[in-house]
Amino acid sequence: GESVGLHLPTLSVQEGDNSIINCAYSNSASDYFIWYKQESGKGPQFIIDIRSNMDKRQGQRVTVLLNKTVKHLSLQIAATQPGDSAVYFCAETIRRNFNKFYFGSGTKLNVKP
Amino acid sequence: ETGVTQTPRHLVMGMTNKKSLKCEQHLGHNAMYWYKQSAKKPLELMFVYNFKEQTENNSVPSRFSPECPNSSHLFLHLHTLQPEDSALYLCASSQATSGGGTDTQYFGPGTRLTVL
């Protein structure tokens, strides 16, 4: 997952623009990845997942890209809305290692109206 | 609404108190988890239960004691906590497959714990 820092990286975008949030994962053996969204005062909410046999997966307004060569994951949000403002973090796991997910520290997305 | 509920949502306790956090999942899952989320740090896995059996204790101090009476309920019993234990405690559940591996984890809203 992402390195732990004293402050969260912040991405500020204008409403209607596209957002790209990045995550560098640490284990080349990881084969399953999830993006979560966490709004203030709430628990993490599943957004989209991807397995290592894919390099791209699309959902509603979101796309996850996986680059296994450089161990990089990105989340693209199309037409960003104020309701997208939250902390986004990625999680990685090796599926045969029962239940163990490793989480990044997150990126804060601020959407300006 | 993710199908995972937690109570209480907020808890303030002294270092000598004993309290319990409760988690309930309505998703028919068979794996449940406790995580600790401190400010600006990644989620820290604390405990994992599969089919009501504890399968993971991530070096958690004994002042945290989990209990899983059935596959839908999970408790975290707290006693003689320290101020540094103040954090958001999150419960999650997933559908663990018999062949190993696990599906997506779904989180509850968390309990915001403050230890004075």
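Residues numbered from 1 in each chain as written. Chains lettered and ligands numbered in written order. Predicted model: local features only at pLDDT ≥ 70, side-chain atom pairs only at ≥ 80, totals over all residues. Heavy atoms only, no water.

Student: I would appreciate a short explanation of unusual backbone geometry in the present structure.
Tutor: What is expected of a backbone is that most residues other than glycine have negative phi and most peptide bonds are trans. Here B:T7 and B:P8 are connected by a cis peptide whose omega angle stands at -10 degrees. Mapped onto the secondary structure, B:P8 falls in the loop between β1 (4–7) and β2 (10–13). Phi angles above zero are rare outside glycine, and A:A79 is one such case at about 50 degrees. Here A:A79 is to be found in the loop between β7 (72–77) and β8 (86–93). (Helix = DSSP H or I, 4+ residues; strand = E, 2+ residues; numbered from the N terminus.)

Student: How do you make sense of the sheet that holds β7(A) when you look at a structure like this?
Tutor: Sheet strands associate in pairs through backbone hydrogen bonding, adopting either a parallel or an antiparallel arrangement. Residues and elements named next belong to chain A. If you walk across this open sheet you meet the 4 strands as β2-β7-β6-β5, and the pairing is antiparallel. Edge positions in the open sheet fall to β2 (19–24) and β5 (56–58), since each of these has one partner strand only. Across this sheet, the average inter-strand angle for adjacent strands is 15 degrees, counted without regard to direction. Where β5 lies against strand β6 (residues 62–67), 3 bridges are found, and the strand directions are antiparallel. What sits directly across from Q58, in β6, is T63. (Pairing = 2+ DSSP bridges. Axes fitted to C-alpha atoms, helices over the stretch in contact; angles between N-to-C directions.)

Student: Just checking my understanding: could you explain the pairing of β2(B) for this structure?
Tutor: Here is the key point about a regular strand: its side chains alternate between the two faces of the sheet. Residue and element names in this part refer to chain B. On β2, burial follows the alternation: L11 and M13 on one face are buried, whereas H10 and V12 on the facing-out side are not. The sheet contact formed by β2 and strand β11 (residues 111–115) spans 4 bridges and is parallel. Residue pairing across strands places V12 opposite T114, the latter belonging to β11. (Buried < 20%, exposed > 50% of the residue type's maximum accessible area, 1.4 Å probe, protein only.)

Student: Is there a simple way to explain the layout of surface pockets in this structure?
Tutor: Estimates place the volume of the largest pocket at around 570 Å³. Sorting elements by how many residues they give to the lining of the largest pocket places β8(A) first, with 3 residues. (1 Å grid on protein atoms, 1.4 Å probe; cavity = no way out; pocket = protein on both sides within 12 Å on 5 of 7 lines; lining within 4 Å. Points joined across faces, edges and corners; volume = space filled by probe spheres on them.)

Student: Hey, could you run me through the interface of chain B and chain A in this one?
Tutor: Interface extent is often summarised as the accessible area lost during association of the parts. Counting residues at the interface gives 29 residues for chain B, matched by 25 residues for chain A. The contact between chain B and chain A buries some 2000 Å² in all, and 59% of this surface belongs to carbon and sulfur atoms. Across the chain B-chain A interface, the total number found is 1 salt bridge. Here B:E56 makes a salt bridge to A:K100, at a shortest N to O gap of 3.3 Å. Linking chain B with chain A are 5 residue pairs in polar contact (both at pLDDT 80 or more). The greatest single-element share of the side of chain B that touches chain A, amounting to 4 residues, is contributed by strand β4 (residues 31–37) of chain B. Residues of the side of chain B that touches chain A, tallied by class, amount to 13 nonpolar, 11 polar and 5 charged. (Contact = heavy atoms within 4.5 Å. Buried area = accessible area lost by both parts, 1.4 Å probe. Salt bridge = Lys/Arg side-chain N within 4 Å of Asp/Glu carboxyl O. Polar contact = N/O pair within 3.5 Å; in protein donor to acceptor, adjacent residues only side chain to side chain. Nonpolar A, V, L, I, M, F, W, Y, C, P; charged D, E, K, R; others polar.)

Student: For this particular structure, what's the right way to read the pattern of salt bridges?
Tutor: Once the charged atoms of two side chains with opposite charge are near each other, the side chains can pair. In the structure shown here, the tally under the stated rule is 6 salt bridges over all chains. The closest approach of N and O atoms between A:R57 and A:D49, which form a salt bridge, is 2.2 Å. Classification of A:R57 as partly exposed rests on a relative accessible area of 35%. When the shortest N-O distance is used, the salt bridge between B:K41 and B:E44 registers 3.7 Å. Overall, the relative accessible area of 31% leaves B:E44 in the partly exposed class.

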